[in-house]
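# Structure assessment
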Amino acid sequence: MTRTPGTTVKTTCPYCGVGCGVLATLEEGGAVTIKGDPDHPANFGRLCSKGSALGETVDLDGRLLVPEIDGSRASWDDALDLVAAKFAEAIAEHGPDSVAFYVSGQLLTEDYYVANKLMKGFIGSANIDTNSRLCMAASVAGHRRAFGSDTVPGTYEDLELADLVVLTGSNLAWCHPVLYQRIAAAKAARPEMRIVLIDPRRTMTADLADLHLPIAPDGDVSLFLGLLAHLADNGFVDEAYVAAHTSGIEQALDVARAQDLKDLAAQTGLSVTQLEQFYALWAGAEKVVTVYSQGVNQSRNGTDKVNAIINCHLATGRIGRPGMGPFSVTGQPNAMGGREVGGLANTLAAHMEIENPVHRDRVQRFWKSPVIAQKPGLKAVDLFQAMGDGRIKALWIMATNPVDSMPDAGAVEAALAACPFVVVSDIMAETDTIRHAHVKLPSLGWGEKDGTVTNSERRISRQRAFLAAPGEARADWWQMAEFGKRMGHSEAFDFAGPAAVMREYAAQTAFENNGTRDLDIGACADMDDQAYDDLQPFQWPRPARDMSISPDTRFFANGGFFTPDRLARFVAVAPPQTVPDRTGHRFTLNTGRIRDHWHTMTRTGKSARLSAHIAEPFAEIHPRDAKLLNIGTADLVRVESARGEVVVRALITDRQREGTIFVPMHWTDQWASSARVDRLVAPVVDPVSGQPALKNTTVGLSRFEASCYGFVVSRNKPAMLRADYWAMARTVAGWRAEFALAGAQADIRDLVCTLLGLDPATPLLSLADPRSGLTRYAAFDGVRLVGAFYLSDRPVSVSRNWAADQLEQDFANLSSRWQVIAGRPASDMPDKGAIVCACMNVGINDIVGAIRSGCSSVDTVATTTGAGTNCGSCKAEIRGILHEHQIIAAE
Ligand SMILES: Nc1nc2c(c(=O)[nH]1)N[C@H]1C(S)=C(S)[C@@H](COP(=O)(O)OP(=O)(O)OC[C@H]3O[C@@H](n4cnc5c(=O)[nH]c(N)nc54)[C@H](O)[C@@H]3O)O[C@H]1N2
Ligand SMILES: Nc1nc2c(c(=O)[nH]1)N[C@H]1C(S)=C(S)[C@@H](COP(=O)(O)OP(=O)(O)OC[C@H]3O[C@@H](n4cnc5c(=O)[nH]c(N)nc54)[C@H](O)[C@@H]3O)O[C@H]1N2
Ligand code: SF4
Ligand SMILES: [Mo]
């Protein structure tokens, strides 16, 4: 549904699993204004930098707007007929397991439901897997082992009510910023609240922590085993709870007690004192929540890590009561919804199990389907390996970019290139994945589509359209349903709209449930289209027999687990075996996220504001490691494994653990020459969940020997192919790019014109400074700067944001043009430096200036500069800058 300009629509942010409510207004003239929804119980009006910048990412630049077959425009009918014919052909010749869907936690529940129903109930294979395999599979498996169901027991309120919040493998400040802010506000109101961060890196989240444990990679199982033994040995076990509601504590304790503190210190890389401090804090706080994310899940023993944590909560009965519980925070906006409908290859539908014949029969009867998948399908890593072996003949990828995000990404790309038939549904015309598609299908994006998502606390919210469908783009559920009809299942896929899909799905959650399954939203099964449109955010369960919002939205305070005997299981997990490394490489590569970009940057890369915080791929390296390898500040480095290499900027920082490096996952071939970090990552998976170990790969590190380094700002998109290294980012009025050449310098004038997209005869202003080795060029068109180019034999020291701002200036005054090639502002034009606050465009130099003029707290810096006054995501960094400068001032 499209709204008239000026009306405000309540919808949900399409980024992280916090699931913030958003007020979106389409203004006259087409601009979109975004505000936090004060009534939404996830965020109460707050938004982070990414949510605040949503309005800058909904333009049609770069969008895929018409279906294509083999690169040529096609009608929807022709495209879908071809997809159906190719899938049918593969199934007829090679059986249902020769086809597959690879989908995404960024689909809406309605999209996901239709895709899952089609594959498992009508094609008869379970070869539907999702990027949630890379994200939540270990949590799902850990929950199911312990609880008998994939249940997140707690709510966000618990994070505020807790006396101790433990964050392990989670960079909440950058990845779930609104939850981080809720905890920060709770701690400000109750300073006695304690926060522990467990992460090999000292991330921005450490800003809030009373204790940071810089754990050795994958030391988590040992850490929590030690905690379990400590709890048992010091009288903290809740004997009544354990006896009434659990089984298996003895076996779990036997393993836990097998190590003493010295062993644990060796396994975790922490000191005995740090261990004791943590154990005492945990034991002493009745109200404790343990929040975990990818440092736990993305590991070769991810499921064991999850169970090691859950064991401690079960032993103390600290689960399902206000302020207590293990809390897996989900990454994607609908990671939960996808799990609920059963979108993983090893689950069935509505929290039913594929291995269970009763469940299979029930699901088949509900769907009235001709077949039902009899066994789990291929999990993501196995799926792409099977494709590499030629076993998958047709694949449909929807809302994910596996060429960038899967481990062993080079092999994934090769498998896709060799697959006989690939369909990709995306919103963007150019991604590293879609270039391998035989059929490209244009999807509706955020703001254009209608449906529901479930956030980390089981809260279902509506995403609502407020923009017209562009071009011929269509909803993902519609694409799947039309395909289903063409496969001969007209009745089963005859949905009038997303509300109809939701009604059917809600009825399935209630079907023969009667309290035997945790997930029941039967109350939504009879809702009409208007009620669907008006749906307010609510937490499940919401069974039909109870239409009011359930007063108790937590699980398991009084047991009632979903195992056959209704008891929770302790899992006797053991520390991982150390794997001998024979590669000769000596660094552990850790990967993850930065504050202002989302995954493969297809949306956040459009926003100049979000690109200003960190504009280039980088490797965080500890100063001692850098020194040993002769790597200096702003040098380029090569990171390599047996599978490939990346070239990125060195960021030398003692926040990094020695012997480890951190490279973000975001940069793709669309944004940099060679920064797809998953090309390096080995396809090692956790044996229980099949989730890949994306945070622990052995790599080599060396200085990238460049003969010269350059920086450009340009109105045109720079043509970087001639550089050996490059990375580019959007600015308000154009582009900025870093580059380097490895060999002899080419004809520089020619290089400048090629990079800036200028006619070779364009007059250029130039300046060469033999002493600094810096050569600069600038080109003007009338009073406007078209581009500026800086080249040096060392990393170029030019104020990046200042240079980018010059693209917006008026250069009627000829002498001002020289400042551009001088590469520095005139004294009356302050240089902001690197942008810290993306919302208010405040740079580090503004903040340092404010500190020098007497500001001594985050609040006074905020009042003086405006930094941190909108979304607040940068407050931790401001505190860091304050801290550094106060130390300097004190020295
Ligand atoms: N800004 C931003 N926010 C996002 C996203 C985004 O792309 N950008 N993506 C969303 C998604 S899909 C997800 S899944 C979440 C992920 O959210 P997080 O899991 O918080 O983010 P990551 O950066 O992947 O990893 C978290 C931390 O795990 C640490 N770690 C690595 N190895 C270990 C270990 O062995 N033990 C422990 N304890 N810690 C370890 C890393 O150093 C890292 O700081 O973020 C969501 N939010
Ligand atoms: N090394 C390393 N690798 C990782 C991780 C890591 O920490 N380290 N994290 C992993 C995790 S947790 C995750 S979740 C994945 C994420 O990895 P991906 O899912 O591959 O990344 P995205 O960029 O979110 O891809 C979403 C795609 O869907 C498109 N899109 C957006 N909206 C829509 C829509 O409405 N419909 C359709 N059809 N398409 C749409 C986007 O343009 C984009 O191409 O990466 C994983 N890979
Ligand atoms: S925390 Fe930020 S990215 Fe996550 S849902 Fe809220 S506004 Fe969106
Ligand atoms: Mo994720």
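My aim in this report is to walk through the structure given alongside it, one point at a time. (Residues numbered from 1 in each chain as written. Chains lettered and ligands numbered in written order. Predicted model: local features only at pLDDT ≥ 70, side-chain atom pairs only at ≥ 80, totals over all residues. Heavy atoms only, no water.)

Moving on, we come to helix α17 (residues 380–388). Three or more residues of α17 are buried, namely A380, V381, L383, F384, A386 and M387. Structurally, α17 contributes buried residues whose contacts are with β6 (99–103), β7 (128–130), β14 (394–398), α18 (402–405) and α19 (409–418). G390 lies just past α17 and shows a positive phi near 85°. (Buried < 20%, exposed > 50% of the residue type's maximum accessible area, 1.4 Å probe, protein only. Helix = DSSP H or I, 4+ residues; strand = E, 2+ residues; numbered from the N terminus. Contact = heavy atoms within 4.5 Å.)

Further remarks concern the site of ligand 2. Ligand 2 sits among 32 residues. The nearest are Q106, S405, D426, K449 and T600. A distance of 3.0 Å separates a nitrogen atom of ligand 2 from a polar side-chain atom of Q298. Take S443: an N or O atom from its side chain is 3.1 Å from a nitrogen atom of ligand 2. For ligand 2, whose accessible area on its own is 930 Å², the fraction buried by protein is 99%. Elements that contribute at least two residues to the shell around ligand 2 include exactly β15 (421–426) and β21 (587–592). (Near = heavy atom within 4 Å. Polar contact = N/O pair within 3.5 Å; in protein donor to acceptor, adjacent residues only side chain to side chain. Areas by Shrake-Rupley, 256 points an atom, 1.4 Å probe, with all protein chains shown as cover.)

Right, let's get into the nonpolar core. Within the largest apolar cluster, 146 residues are counted, with the highest numbers of intra-cluster contacts made by L395, F739 and F789. Once you skip the residues sitting within four places of it in the chain, F789 turns out to touch F711, V712, F739, I748, L751, V752, L755, T775, R776 and Y777. Among the nonpolar cores identified, the runner-up in size contains 118 residues, and I128, V237, A265 and F483 belong to it. (Core = buried A, V, L, I, M, F, W, Y, C linked by side-chain atoms within 4.5 Å.)

Right, let's get into the pattern of salt bridges. The final tally for this structure, using the stated rule, is 58 salt bridges. With a shortest N-O distance of 2.6 Å, E472 and R73 are connected by a salt bridge. Of this pair, E472 sits in the loop between β18 (459–463) and α20 (476–486) while R73 sits in strand β5 (residues 72–73), and the two are 399 residues apart along the sequence. Measuring nitrogen to oxygen at the nearest pair gives 2.9 Å for the salt bridge that ties E877 to R595. Taken together, the residues E877 in helix α30 (residues 875–890) and R595 in the loop between β21 and α23 (608–613) connect sequence positions 282 residues apart. On the accessibility criterion, E877 (14% relative accessible area) is buried. (Salt bridge = Lys/Arg side-chain N within 4 Å of Asp/Glu carboxyl O.)

On to unusual backbone geometry, then. Trans is the common state for peptide bonds, and a negative phi is the common state for residues other than glycine. The linkage connecting W540 with the following residue, P541, adopts the cis geometry, with an omega of 10°. When you line up the elements, P541 lands in the loop between β19 (538–539) and β20 (568–569). In this structure, D408 takes a positive phi of about 50° despite not being glycine.

Let's shift gears to the site of ligand 3. If you check the shell around ligand 3, you find C13, Y15, C16, G19, C20, L47, C48, K50, G51, P177 and V178 and nothing else. Elements represented by at least two residues in the shell around ligand 3 include exactly α1 (49–52) and α7 (177–189). Here the residues of the shell around ligand 3 are counted per class, giving 8 nonpolar, 2 polar and 1 charged. (Nonpolar A, V, L, I, M, F, W, Y, C, P; charged D, E, K, R; others polar.)

Here we take up the sheet that holds strand β32 (residues 784–792). One open sheet holds the 6 strands; their spatial order is β28-β29-β27-β32-β31-β30, and the pairing between them is antiparallel. On the outer flanks of this sheet lie β28 (725–731) and β30 (765–769), each paired with one strand and no other. Pairwise comparison of adjacent strand axes, ignoring direction, gives a mean angle of 10° for this sheet. (Pairing = 2+ DSSP bridges. Axes fitted to C-alpha atoms, helices over the stretch in contact; angles between N-to-C directions.)

We now examine the packing of helix α3 (residues 109–123) against α20. Close contact between α3 and α20 brings their axes to 7 Å; oriented N to C, the two are set at 20°. Comparing the axis directions of α3 and α20 gives the class roughly parallel. Between α3 and α20 the crossing geometry is left-handed. Between α3 and α20, the contacting residues are E110, D111, V114, A115, L118 and I123 on the first element and D476, W477, M480, A481, F483 and G484 on the second. (Parallel < 35°, antiparallel > 145°, perpendicular 65-115°, else oblique. Left-handed = near helix turned anticlockwise from the far one by under 90°.)

Attention now goes to the pairing of β18. Each regular strand carries side chains that alternate between the two faces of the sheet. Within β18, 5 of the 5 residues are buried, which leaves the element mostly enclosed by the surrounding structure. The alternating pattern of β18 places R459, S461 and Q463 on one face and I460 and R462 on the opposite face, and all of these are buried. Sheet topology note: the strand β17 (residues 451–454)/β18 ladder contains 4 bridges and is antiparallel. Among the inter-strand pairings, V453 is bridged to a residue of β18, identified as S461. From the end of β17 to the start of β18, which pair antiparallel, there are 4 residues, and R458 there has a positive phi angle of about 65°. Alignment of β18 against β19, held across 2 bridges, turns out to be antiparallel. Within β19, the residue paired with R459 across the bridge is Q539.

Another point: the pairing of strand β24 (residues 644–652). As defined by bridge partners, strand β22 (residues 618–621) adjoins β24 across 4 bridges and the pair is classed as parallel. Counterpart to E620 in the pairing with β24 is L651. Relative to β24, strand β23 (residues 636–641) runs antiparallel, the two sharing 6 bridges. Across the sheet, E640 pairs through a bridge with E645, a residue of β24.

With that out of the way, let us pick up the environment of L281. For L281, the location among the structural elements is in helix α12 (residues 272–284). Along the primary structure L281 and V453 are separated by 172 residues, whereas in three dimensions their C-alpha atoms are 36 Å apart. The residues touching L281, leaving out its near neighbours within four places in the chain, are L164, R194, V196 and L211.

Once that is clear, we can look at the environment of P617. Take P617: it is sitting in the loop between α23 and β22. Residue P617 is classed as buried on the basis of its relative accessible area of 1%. Taking C-alpha positions, P617 is 5.4 Å from V648, a pair spaced 31 residues apart along the chain.

With respect to the element layout, S456 can be found in the loop between β17 and β18. Side chain to side chain, S456 and T330 meet in a polar contact 2.6 Å long.

Another point: the packing of helix α16 (residues 357–367) against helix α21 (residues 498–510). α21 packs onto α16 with a crossing angle of 145° between their chain directions and a minimal axis gap of 11 Å. With respect to the hand of their crossing, α16 and α21 are arranged in right-handed fashion. Residue-level contacts link V363, F366 and W367 of α16 to E504, A507 and Q508 of α21.

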